[in-house]
Every structure is written in structure tokens, then in C-alpha cells.
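# Architecture and fold: a report
Take a look at the letters that make up each chain.
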Amino acid sequence: MFYYNTIRSFHLIFSDYFLSGSQHKNPLDHPNIYSYTKNMNSPTFKLTPEGVPILSAEQIDRFADQLVREIQPELYYRQLDAVSLSLIMKRLEGWHFAGRYLSRSGGLLGLASFQGGPLTIYDETRTFPELLQVPPQSILVDRELFKKENERYFRFTLAHEMGHALLHRQFASREENMRSYQQQGNQRRLEDTAECFGIREKRELKTSYDWIEWQANTFAACLLMPKTLIRQTRNLVFSQRVPYMEFLNELCITVMDVFRVSHRAAYYRLKAMDIAPENCHILPNGVIVQ
């Protein structure tokens, strides 16, 4: 989710929690404070008349892979490890990161605000919408995800909002786009609350909102699980001695552990890369079957 407001804003500097690839102590006790101001050139893409980037999954995949190669080249020739979102965040020019309580229901896990100001946050558990003050160029993640057991969802949510920051400035600069986007987003969040920590099967992409969110989700998956590193992991795990579905389940667990993503995120990434067969599916207990 992202916002672009033109109302008064103020400046904040926030803590770095689960951003890096290495393990931290309790994130709420982390001593380091950052203001992320190092430059990252804004990519340019062909746009629809509404300002939505015209990007295929393959193009987003290449863009994310190149980004990781430029910022963490050591991942490609040393031991496999999780992408450091701290290093990515530091390269986002002028952007800041913070944890805020956004939604009691889990319906809103993160947002990216381009110009800041007071934002209206809707939550079906509240009688009235909440007005949230946000500084310009800010990425906010719900503090519920700062718990250690939610680290994998934290990382995906943050990478998703980074996707908005990198891909959707032109779309967000148009006031009429944002009015329509926020109306659709408010309704969609209410529909998706029960599945807020999951990654859904493919849905039909009709509106600008659908495409914007699909691009951010695709970017997050590709950034956290770069295709080159996933192929390297596959080659390390693969064995002709075991049935393919047994190998696939072991690979999914390995991707989950190495890249610090959820089981479902790992599964859908393998499926997007055609490593998991089209006719397979994942059970509620995480086992992949055909």
C-alpha cells in the first residue's frame, strides 16, 4: 500500500530492525538509528496513460536481480545468505523507515508515502478512521511484524513497500490516481484481512490498483529470492536419488531458511520460476503435493 499526499509533513528518524541479512536481538532494543539518504537512481519505465509502469514479471525479476548484484555482489560468489534490506534501504534516496501501529486486524501491514502528511487509515475494528501523521518519503511497517516470530512477514512487507518506492512515483504523483487507488485499497484490505500473512493464488488483474500491487508483490519476491541465487540453491539441494516432490519440499524449506521468507512465499517463488510444477499445490501444513 502506498500514499501520496500534499499536506504538511514533518521529519522523523527511525530504528533499523529486521532489515539486515544477519540475526539481531530483540528489534525493539536495537541500538542503531538511521536516516536513509544515500542515492539510488530512480528507474525509468514505459508507463500506461494512468502512470502504471508497463512491466512483465521477467522484467521485474531482472531489475531486482541486478539491484541485489550491485548492492550485495558477494552473495553471488560466497555462501548463500539472505538479502540485506538494510543495504537496500540505505540506497533509497531520501527515504526513511519506521515501525508504527497501523491496523489492529492485520488488514494493513505496511505503506509507502511519497510526500507525507496526515494519512487516513481505515480499520474495520475502529469506529472511525484514524489520522496518521507521516513524514515525506516514508515506509511504515506495522509493529506487530516486529515480533521475532513475524520476521519473515516483516521482510516481505518491507520489500513490497520498497517496490512501491522504486516503481510507482509517477503513478502516485497524480491526485486522481491516488483517490481511486485508496478507495480500492481500503475495500481490498477488508477482503484480505483473513489472509494478511499469506500470498494468494493468482487473481485477475483488472484495475490500476491490481497491477500496482502485483508489481510490488512480484518485486518483493524477486528481491528477497533472486532468481540466480534460487537456481544455485536448487542445484545444491537437487538429488536424482529422491522423488521430485520430496526434493521440492526440501528445496522449499531450504529457500525459506536461507532467504528468511515464509513457507508460502518460498513455494510461490518456486512456482513462478517453474521449479514447482503447475499442477502442484501447498497444503495448510506447508507440504507441497500434486
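Look a little higher up for the structure.
Since the structure is predicted, the reported quantities are computational estimates derived from the model, not experimental observations.

### Side note on the overall build of the chain
Scanning the chain for helices and strands turns up 9 helices and 10 strands. Looking at the chain residue by residue over its 290 residues, the buried ones come to 52%. With an accessible surface of roughly 14,200 Å², the chain has 50% of that area assigned to carbon and sulfur atoms.

### Structural notes on the packing of helix 7 (residues 227-237) against helix 8 (residues 244-259)
Where helix 7 meets helix 8, the closest approach of the two axes is 10 Å, and the angle between their N-to-C directions is 130 degrees. With respect to each other, helix 7 and helix 8 are oriented oblique. Here helix 7 and helix 8 pass one another in a crossing that is right-handed. Contacts between helix 7 and helix 8 involve Leu 229, Ile 230, Thr 233, Arg 234 and Val 237 from the first element and Phe 247, Glu 250, Leu 251, Thr 254, Val 255 and Phe 259 from the second. For the contact of helix 7 with helix 8, a count of residues per class yields 7 nonpolar, 2 polar and 2 charged.

### What to know about the packing of helix 3 (residues 151-167) against helix 6 (residues 208-224)
Put simply, helix 3 and helix 6 touch, their axes get as near as 8 Å, and they point 120 degrees apart. Taken together, the axis directions place helix 3 and helix 6 in an arrangement best described as oblique. Helix 6 is crossed by helix 3, and the crossing has right-handed handedness. Residues Arg 155, Phe 156, Ala 159, His 160, Met 162, Gly 163, His 164, Leu 166 and Leu 167 of helix 3 form the contact with helix 6, whose own contacting residues are Ile 212, Glu 213, Gln 215, Ala 216, Asn 217, Phe 219, Ala 220, Ala 221, Leu 223 and Leu 224. When the residues that make up the contact of helix 3 with helix 6 are grouped by side-chain class, the tally is 12 nonpolar, 5 polar and 2 charged.

### Observations regarding helix 9 (residues 263-272)
In terms of burial, helix 9 is largely enclosed, as 7 of its 10 residues are buried. Among the residues of helix 9, those classed as buried are Ala 265, Ala 266, Tyr 267, Tyr 268, Arg 269, Leu 270 and Lys 271. The positive-phi residue at the C-terminal boundary of helix 9 is Asp 274, with phi of around 65 degrees.

### Things to note about the nonpolar core
Nonpolar side chains in soluble globular proteins generally cluster together in the buried interior. Counting residues in hydrophobic clusters, the biggest one holds 63 residues, and the most contacted among them are Ile 139, Met 162, Phe 219, Leu 223, Met 225, Val 255 and Leu 270. Taken together, the elements giving at least two residues each to this core come down to helix 1 (57-71), helix 2 (85-90), strand 8 (138-142), helix 3, helix 6, helix 7, helix 8 and helix 9. Setting aside residues no more than four positions away along its own chain, Met 162 makes contact with Leu 85, Ile 88, Met 89, Leu 92, Ile 139, Phe 219 and Leu 223.

Quick notes on the rules
- Residues numbered from 1 in each chain as written.
- Predicted model: local features only at pLDDT ≥ 70, side-chain atom pairs only at ≥ 80, totals over all residues.
- Heavy atoms only, no water.
- Helix = DSSP H or I, 4+ residues; strand = E, 2+ residues; numbered from the N terminus.
- Buried < 20%, exposed > 50% of the residue type's maximum accessible area, 1.4 Å probe, protein only.
- Areas by Shrake-Rupley, 256 points an atom, 1.4 Å probe, with all protein chains shown as cover.
- Axes fitted to C-alpha atoms, helices over the stretch in contact; angles between N-to-C directions.
- Parallel < 35°, antiparallel > 145°, perpendicular 65-115°, else oblique.
- Left-handed = near helix turned anticlockwise from the far one by under 90°.
- Contact = heavy atoms within 4.5 Å.
- Nonpolar A, V, L, I, M, F, W, Y, C, P; charged D, E, K, R; others polar.
- Core = buried A, V, L, I, M, F, W, Y, C linked by side-chain atoms within 4.5 Å.

These values are about where atoms sit, not about what they do.
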